[in-house]
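# Understanding the architecture of this molecule
These are the residues of each chain, in order.
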Amino acid sequence: MAGFALLYIAMYFLSDLFIDNQSVFGLASLVFLPAFVRLLGFMILRLWIMPALFIATGLLVASGAYDVAPGYETELIIGAFTAVGGPLGAYLTSRLIGLEITLNNLTPMRLLWMSVGCSLGNAVFYRLSLELSGIHLYSTPIGTTIFIGDVVGTWVIIYILKGALTSLGRRL
């Protein structure tokens, strides 16, 4: 579980290096690479990925990197909600459309549906955490931006991994 937390943090800084993680409204990115860790962690650990995600966001808050709201408490609330939202969205998606959560029978279409569910869950819970924290944004673009950023970030990493594995396979 600690490995997933560290991977999330590494992906956060990698994402922030290339694409400002808080470029849209100071809250979201159109390409958020750590979203891949949420989905991968869910696929392997199921809902047990949530503590690792919370620890990762907690460490990012403590380091000052996760600067999305005034005050550490508010940022921890947002971190807790997003640690739950993504995996819960993936879980509900798998149940609603009858997907078996396993890496053995993973197809591109199943992966697409799982990434959409994970991203949608994160966007909804992120927005909910902002509202409950007293940060009222009366426009829908923030939720849409988070959803798009998570889906795109997940698929950027998937295609980087696919390209690396294909290249490695050709060399062997």
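Before going into details, it helps to say that this report is about the structure given with it. (Residues numbered from 1 in each chain as written. Predicted model: local features only at pLDDT ≥ 70, side-chain atom pairs only at ≥ 80, totals over all residues. Heavy atoms only, no water.)

## Some remarks on the environment of T166
The following threshold applies: Helical segments are the DSSP runs of H or I of at least four residues, strand segments are the runs of E of at least two, and each set is numbered from the N terminus. For every residue, the accessible area obtained with a 1.4 Å probe (protein chains only) is divided by the maximum for its type, and the residue is called buried under 20%, exposed over 50%, and partly exposed between those limits. Any pair of nitrogen or oxygen atoms within 3.5 Å is treated as a polar contact; in protein, a donor-acceptor pairing is required on top of that, and neighbouring residues in sequence qualify only through side-chain atoms on both sides.
Structurally, the position occupied by T166 is in helix 6 (residues 141–171). On the basis of relative accessibility, which here comes to 29%, the residue T166 falls in the partly exposed class. Here the side chain of T166 touches K162 through a polar contact of 2.8 Å, landing on its backbone oxygen.

## As for the side chain of D150
Rule in force here: For this analysis, residues touch if any pair of their heavy atoms sits within 4.5 Å.
By the element assignment, D150 lies in helix 6. Once residues within four sequence positions are removed from consideration, D150 is found in contact with F32, A35, R38, S119 and N122.

## With respect to the packing of aromatic side chains
Quick note on the threshold: Each Phe, Tyr or Trp ring, with Trp reduced to its six-membered ring, pairs with another whose centre is within 6.5 Å; inter-plane angles below 30 degrees give stacked pairs, above 60 give edge-to-face pairs, and intermediate values give tilted ones.
In total, this model carries five aromatic pairs according to the counting rule given. Pairing Y12 with F32 gives two aromatic rings, centres 6.0 Å apart and planes at 80°, and the pair type is edge-to-face. Of this pair, Y12 sits in helix 1 (residues 2–18) while F32 sits in the loop between helix 1 and helix 2 (35–45), placing them 20 residues apart in sequence. Accessibility assignment for this pair places Y12 and F32 in one class, buried. Among the aromatic residues, those joined into a ring-pair cluster are Y12, F13, F32 and Y66.

## Some details on unusual backbone geometry
The phi dihedral of R46 is positive, around 60°, even though this residue is not glycine. Within the secondary structure, R46 sits in the loop between helix 2 and helix 3 (49–63). Here R46 falls in the partly exposed class, since its relative accessible area comes to 34%.

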